[in-house]
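Analysis of the macromolecular model
Listed below are the residues making up each chain.
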Amino acid sequence: MEKTTTDASAAESGKAQEKARCGVVALVGRPNVGKSSLVNALLKSRVAIVSPKPQTTRNAIRCIYNDDRAQIIFTDTPGIHIPKNKLGQFLTDSVFDALEASAVVCWLVEAADRKVGPEDREVLTVLAEVARPVVLVVNKCDEHDPARALDLYGDTRPFASRIAISARRGRNVAELIDLLLPFLPEGEPWYDPDILMDGTERFLAAEIIRGQLLTLLRDEVPHCVAVEIDEYKSPEEYPDRKKLYIRASLIVETAGQKGILIGERGVMLGRIGRAARVELERTTGHPVYLDLWVRVSPGWRQSNLVLRRLGYS
Ligand SMILES: Nc1nc2c(ncn2[C@@H]2O[C@H](COP(=O)(O)OP(=O)(O)OP(=O)(O)O)[C@@H](O)[C@H]2O)c(=O)[nH]1
Ligand SMILES: [Mg+2]
């Protein structure tokens with residue numbers, strides 16, 4: 001009995017001596033490897049949008065993990081690819097910024113990979129320009145044995161460590177956190193522990209609507225759409241309102257895309273609106289009135305002015 005008490009207090013004082021850590025971990029990789037899925041698994045919450053379509057993530061998003069040892073700011077980044085327009089260039093540039101702010105980088109690849117493709121070589125070029133320790137993370141090991149991918153990528157550059165995970169099943173996600181901790185500097189938390197994501201309510205709302213576009217629209221169409229929140233009035237700010245009022249524009253490049261988004265007799269726009277409203281109500285905790293409009297802005301993905309207005313600059 002006595003001994004247990006002594007051990008417990010020794011453990012307690014050991015814990016007290018252990019300094020808290022805080023720092024940024026950038027998650028990078030080609031599109032679709034599961035970076036946003038990993039963020040959601042780490043935070044045990046749906047903070048980042050996930051879809052089977054490449055180039056889902058368009059902004060580097062800081063998502064905040066807390067435990068009694070550390071606060072880790074995971075930056076979910078857009079997939080690194082060969083840019084085809086100014087939007088694509090912005091996506092790649094935002095990865096550089098995230099890397100420069102990070103203490104350590106996780107490079108995500110897939111367990112099924114059998115060769116290092118052009119986009120992965122692009123990732124290697126980007127990593128070579130930013131001197132940070134890199135952890136190789138082989139994802140989707142629920143579907144494939146990760147051994148060959150660990151070997152394949154293991155030779156491409158020096159790694160601080162390697163791990164196989166499944167973001168979908170949560171496999172080895174806690175182990176990944178343990179592995180990252182020693183790379184983080186000692187320091188106090190930067191964010192309030194209740195904050196899950198560093199982004200405005202408007203940004204979060206736009207992302208939720210974009211998530212539904214990716215789910216409901218086919219092929220390339222969702223990539224041609226941007227979401228702009230024109231008005232956001234919450235019952236907290238406007239107590240006379242019973243509902244959260246959101247007016248948003250879906251910006252497309254052509255009249256043809258506008259037709260697809262609206263659909264026959266407005267059926268598609270109605271579906272997008274209903275699905276987005278349910279998700280917005282779930283995340284904000286308020287009943288929501290969502291007012292969606294479709295606007296054509298020819299070639300917005302090539303326009304510096306429009307990209308800047310939409311926060312892609
Ligand atoms: N089987 C399996 N699928 C996964 C796993 N993690 C992610 N996925 C799937 O992979 C697809 C892409 O996931 P995302 O998390 O959106 O990938 P991403 O790297 O963020 O993609 P971008 O934002 O486009 O760069 C989705 O269909 C996910 O459900 C996993 O561990 N196992
Ligand atoms: Mg993503």
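Scope of this entry: the structure provided in the associated data block. These figures come from a predicted structure and were not determined experimentally. (Residues numbered from 1 in each chain as written. Chains lettered and ligands numbered in written order. Predicted model: local features only at pLDDT ≥ 70, side-chain atom pairs only at ≥ 80, totals over all residues. Heavy atoms only, no water.)

Right, let's talk about the coordination of the magnesium ion (ligand 2) for a bit. In this structure, S36 (OG) and T57 (OG1) serve as the protein donors to the magnesium ion (ligand 2), at separations of 2.0 to 2.2 Å. A residue pair is termed long-range when its members are at least 10 positions apart, and S36 in helix α2 (residues 35–43) and T57 in the loop between α2 and β2 (61–66) qualify at 21 residues. Among the residues examined, S36 registers a relative accessible area of 8% and is labelled buried. (Donors = N, O, S within 2.8 Å, 3.2 Å for Na, K, Ca; no water. Helix = DSSP H or I, 4+ residues; strand = E, 2+ residues; numbered from the N terminus. Buried < 20%, exposed > 50% of the residue type's maximum accessible area, 1.4 Å probe, protein only.)

The final tally for this structure, using the stated rule, is 16 salt bridges. With a shortest N-O distance of 3.8 Å, E110 and R30 are connected by a salt bridge. With a gap of 80 residues between them, E110 in strand β4 (residues 104–110) and R30 in the loop between β1 (21–28) and α2 connect regions that are remote in the sequence. Pair check on accessibility: E110 and R30 agree, each one buried. Between R247 and D230 there is a salt bridge, with the nearest N and O atoms lying 3.9 Å from each other. Remark: D230 occurs in strand β8 (residues 226–233) and R247 occurs in strand β9 (residues 244–252); sequence separation between them is 17 residues. (Salt bridge = Lys/Arg side-chain N within 4 Å of Asp/Glu carboxyl O.)

Moving on, we get to the packing of helix α7 (residues 201–216) against helix α9 (residues 267–284). Remark: α7 packs on α9, axes separated minimally by 9 Å, with the N-to-C direction vectors making an angle of 135°. If you check the angle between α7 and α9, you find them oblique. Read as a crossing pair, α7 and α9 show a hand that is right-handed. In this structure, α7 uses A205, I208, I209, Q212, L213 and L216 to contact α9, whose residues at the interface are M268, R271, I272, A275, A276, E279, L280 and T283. Residues that form the contact of α7 with α9 fall into these classes: ten nonpolar, two polar and two charged. (Axes fitted to C-alpha atoms, helices over the stretch in contact; angles between N-to-C directions. Parallel < 35°, antiparallel > 145°, perpendicular 65-115°, else oblique. Left-handed = near helix turned anticlockwise from the far one by under 90°. Contact = heavy atoms within 4.5 Å. Nonpolar A, V, L, I, M, F, W, Y, C, P; charged D, E, K, R; others polar.)

We now examine the side chain of S94. With respect to the helices and strands, the residue S94 is situated in helix α3 (residues 86–100). Using a relative accessible area of 8% as the deciding quantity, one classes S94 as buried. In this structure, S94 is in contact with A60 and P78, ignoring residues within four places of it in sequence.

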